[in-house]
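# Structural overview
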Amino acid sequence: MKRIGNRTASDPAAERYRAGVLKYAQMGYWDSGYRPKDTDVLAMFRITPQEGVDANEAAAAVAGESSTATWTVVWTDRLTACDRYRAKAYKVEPVPGAPGQYFAYIAYDLDLFEPGSVANLTASIIGNVFGFKPLKALRLEDMRFPVAYVKTFAGPATGIIVERERLDKFGRPLLGATVKPKLGLSGKNYGRVVYEALQGGLDFTKDDENINSQPFMHWRDRFLNCMEAVNRAQAVSGEVKGHYLNVTAATMEDMYERAAFARDLGSVIVMIDLVIGYTAIQSMARWARKNDMILHLHRAGHGTYTRQKNHGVSFRVIAKWMRLAGVDHLHAGTIVGKLEGDPNTVQGFYNVLREPHNPVDLQRGIFFEQDWAGLGGIMPVASGGIHAGQMHQLLTYLGDDTVLQFGGGTIGHPMGISAGATANRVALEAMVLARNEGRDIWREGPAILSEAARHCTPLRAALDTWGEVTFDYASTDTPDFVPTPTAAA
Amino acid sequence: MRLTQGTFSFLPDLTDAQISSQIEYCLQRGWAVSVEHTEDPHPRNTYWEMYGNPMFDLKDAAGIMREVDECRRTFPNRYIKVNAFDSTRGIESLRLSFIVARPQEEPGFELLREEGPGREVRYSMRSYATRRPEGHRY
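Residues numbered from 1 in each chain as written. Chains lettered and ligands numbered in written order. Predicted model: local features only at pLDDT ≥ 70, side-chain atom pairs only at ≥ 80, totals over all residues. Heavy atoms only, no water.

All right, on to unusual backbone geometry then. With the exception of glycine, most residues fall at negative phi, and the peptide bonds are largely trans. Cis peptide bonds are those with omega within 30 degrees of zero, and the linkage from A:K180 to A:P181 qualifies with -5 degrees. With a phi close to 50 degrees, A:A373 is a non-glycine residue in the positive phi region. At B:E92, a position not held by glycine, the phi torsion is positive, near 50 degrees. Within the element layout of this structure, B:E92 appears in the loop between β3 (79-86) and β4 (93-101). The exposed category is assigned to B:E92, whose relative accessible area is 53%. (Helix = DSSP H or I, 4+ residues; strand = E, 2+ residues; numbered from the N terminus. Buried < 20%, exposed > 50% of the residue type's maximum accessible area, 1.4 Å probe, protein only.)

Quick look at the structure:
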C-alpha cells in the first residue's frame, strides 16, 4: 500500500485531500442534513445548470465558489477549520413551472464576512460565481442576515420616523418631482422648475441621476439656484421643503465637497446614484448621519441585473443591501407607472425596505424571515409615469410611507408646473382623508378625485389630461408562487 | 398666505364632522390624540403649546372633539392642530397631524438673505406675526 506521510491512503482525510479534482459536492459544499444556524448568513439562488449537470452539484459549486473553494483540491485547506468556512448548499428544489431551474439554498458561517461591509459581503456572494461555466444562468433571489450581522451596520442615516419628524409631515405619502428636461437647463431655469413645483404643493423636487456638473450647468450654480428656490417656497408655504441635490461625482473627494456645500446652504437632503458603488454609498451614509442629512439613493443601473428572472440579482436583495448600507430613500417601483413592476413583487420590495420584521412571504418573493433588529426603515420612492388620476391605486398598493414622484405629471400639467403640483397634493390629501373616513378608495377612487376637483381646477385639468393613461404591459420579474404556498426555509 | 403644514391643509377647512371621523380613525388604531396650539407657525417650531397631555385614556371621538372645541374657544385666533401618537415599537412617533383652526389673517413669512462670500447666501425665515409679543400676534 502506498504511503502518504505517515498514514495510509485508505485514511478518509488523506483520501479527501489527495491532489486532483473532486466534485464540489464531494468536497463538502453539499450537505442535505445541514440545519442552518441562527447566526448563518443565508442565500437563495435560482440556478439553471448546463445540460447534464446535476442540480445538487451545481448548487454545491455555487456554495463553493462563493466561499472557500477553487477548482481543485488544495492541501492548505487542512491548515484551517475548513469545514466551518465552507458554505453549505442544504436544499435544492425545482422552480414551480420553470423546467431546468432550481432554487438552491446556501448557508454561510458568519465569520466569512467582515462586519459592517457591504463590499465584503457582496464580494463573496456575487463576486465570482455568476460567470461559472457549469451554469447557464444564475440569479440571487433573496438573503437572510442574522441579527448579529445586522447589528454591525448603522443602517439608514435618518430613517423614516426621523425623516418625518424633521420634515414635520405625517399621515400621508410625501410628494416629489424630478426636474425635466433632465439635461440642458441652465441653473436659473432649473431653479424655476424647483420653485414652481415646491410652492405649488410638493414636498420635494429632485435632480435626475445624470445631473452632475455639465457644461450647461455646473454643480455650484445648480445648488445655489435650487436652494434659493427651496427657501422661497418654504417662505410662501410655511412648510419644510427639500430638493435632492445629486452629489454623485468622479471621486469621494468631489462628493464630500458637494455634500458639504449642500449642507452649508441649508439643504435637508442630498442624493447619490447606485452606480457610485457600495463602498461610496456607505461612506456617504456615514457622512449623512454625521451631518443630519437625509440621503436619497437613485437606483441608476439596477435594471441591467435585476430585471431578467433567470440571471442577475433580484432587486429585493439590492434593497436589503441598501438598508444595511444606510440610505434613507430608494426607488423601488410604482406598480402602475411606466417602469417594470409586478404588484406582489414590488410590495415585497417595499416590505423589505420599511418593515421592522419580514415573515416568509413567497407570494411577494420573500423566501426568508428577516429580523431587522431595530435598524431604521428606508422610504421607498415611486417614480416613473404616475399621475394624479392613479392616486387611489398608489395609496392602496404602496401605503403612507413612500415618496410619490410625479415628474411629467407635475411639469407637463396644462396650466403650468405650480398647478400640476397643486393637483397632485389635493388629490393625495383628498384620498387620504377619504380612506381614513372608511371609504373604499379602490372602488370609489375616481369619484373621490372628481369630488375634490370641484374645489380645485388644476386637479380637474389633470384628470382631463391624464385620467385614462395606463401602462399595461406584462412584467418580467414576477413571483414564482401563487397564493397559499407552504413556507420554505 | 395659507400655512400648509399638516396632513390636510390643501383641502377646504375641515368641518367638525370631518375632524371627528379622522379622530375616530386614530382611536380605532389605538393612537393617542392630542391638541396643540401656537402663535409661532415657523416650520421648525416643533413644540407648539400642548393643550393638555395626549389623551391616552380617552377613547371617545366626541370627548376629544369637546377638547378641540374648548381649545378653539380659549384661543379663537391661533393655529390649532390635532396629533395622533402611535406607541408601537419601531414607530413611537406621530402618525397623523392636521390643522383644525387657524387665525383669520395669516400674514406669512419674510425670507431673509444674508449674502456671504462668492454667491453664497444664508437664508432664514421669519413670521411677520412673531414680531409682536406672544398673546398679541394674531
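Below, the discussion takes up empty space enclosed by the protein. Within the structure shown, the criterion is met by six cavities of 30 Å³ or more. Here the largest cavity defines a volume of roughly 70 Å³. Taken together, A:D168, A:K169, A:F170, A:R172, B:Q5, B:G6, B:T7, B:W48, B:K81, B:S97 and B:I99 form the lining of the largest cavity. Looking at the lining of the largest cavity, its residues break down into three nonpolar, four polar and four charged. Every residue lining the second largest cavity is listed: A:M27, A:Y29, A:T68, A:A69, A:T70, A:T72, A:V73, A:V74 and A:D77. Among the residues forming the lining of the second largest cavity, the class breakdown is five nonpolar, three polar and one charged. (1 Å grid on protein atoms, 1.4 Å probe; cavity = no way out; pocket = protein on both sides within 12 Å on 5 of 7 lines; lining within 4 Å. Points joined across faces, edges and corners; volume = space filled by probe spheres on them. Nonpolar A, V, L, I, M, F, W, Y, C, P; charged D, E, K, R; others polar.)

Residues and elements named next belong to chain B. For helix α2 (residues 61-74), built from 14 residues, the straight-helix expectation of 20 Å at 1.5 Å per residue is met to within 8% by its first-to-last C-alpha distance of 20 Å. Every buried residue of α2 is accounted for by A61, G63, I64, M65, V68, C71 and R72. On its buried side, α2 packs onto α1 (16-28), β1 (32-38), β3 and β4. (Expected span 1.5 Å × (residues − 1). Contact = heavy atoms within 4.5 Å.)

Turning our attention to the interface of chain B and chain A. When the parts of a complex come together, some accessible area is lost, and that lost area is often taken as the interface size. Listed per partner, the contact involves 37 residues of chain B and 38 residues of chain A. Among the ionic pairs, A:E228 bridges to B:R113, the shortest N-O distance being 2.6 Å. For the side of chain B that touches chain A, the secondary structure elements donating two or more residues are α1, β4, β5 (109-115) and β6 (121-127) of chain B. The greatest single-element share of the side of chain B that touches chain A, amounting to five residues, is contributed by β4(B). Residues belonging to the side of chain B that touches chain A are distributed by class as follows: 18 nonpolar, eleven polar and eight charged. (Salt bridge = Lys/Arg side-chain N within 4 Å of Asp/Glu carboxyl O.)

Formed by 162 residues in total, the largest nonpolar core has its most connected members in A:F45, A:W321 and A:M322. Examining the composition of this core, we find that eleven residues originate from one element, helix α17 (residues 417-436) of chain A, more than from any other. (Core = buried A, V, L, I, M, F, W, Y, C linked by side-chain atoms within 4.5 Å.)

All right, on to the sheet that holds strand β13 (residues 329-331) of chain A then. Residues and elements named next belong to chain A. Strand order in this closed barrel of eight strands is β7-β8-β9-β10-β11-β13-β16-β17, and the pairing throughout is parallel. Recorded for the sheet is a direction-independent mean angle of 25 degrees between the axes of neighbouring strands. Bridge analysis of strand β9 (residues 242-246) against strand β10 (residues 269-273) gives two bridges, and the strand direction is parallel. Residue pairing across strands places N246 opposite M271, the latter belonging to β10. Contacts between helix α8 (residues 187-200) and the sheet are confined to β8 (204-206) and β9, with β8 contributing the most and set at about 155 degrees to the helix. (Pairing = 2+ DSSP bridges. Axes fitted to C-alpha atoms, helices over the stretch in contact; angles between N-to-C directions.)

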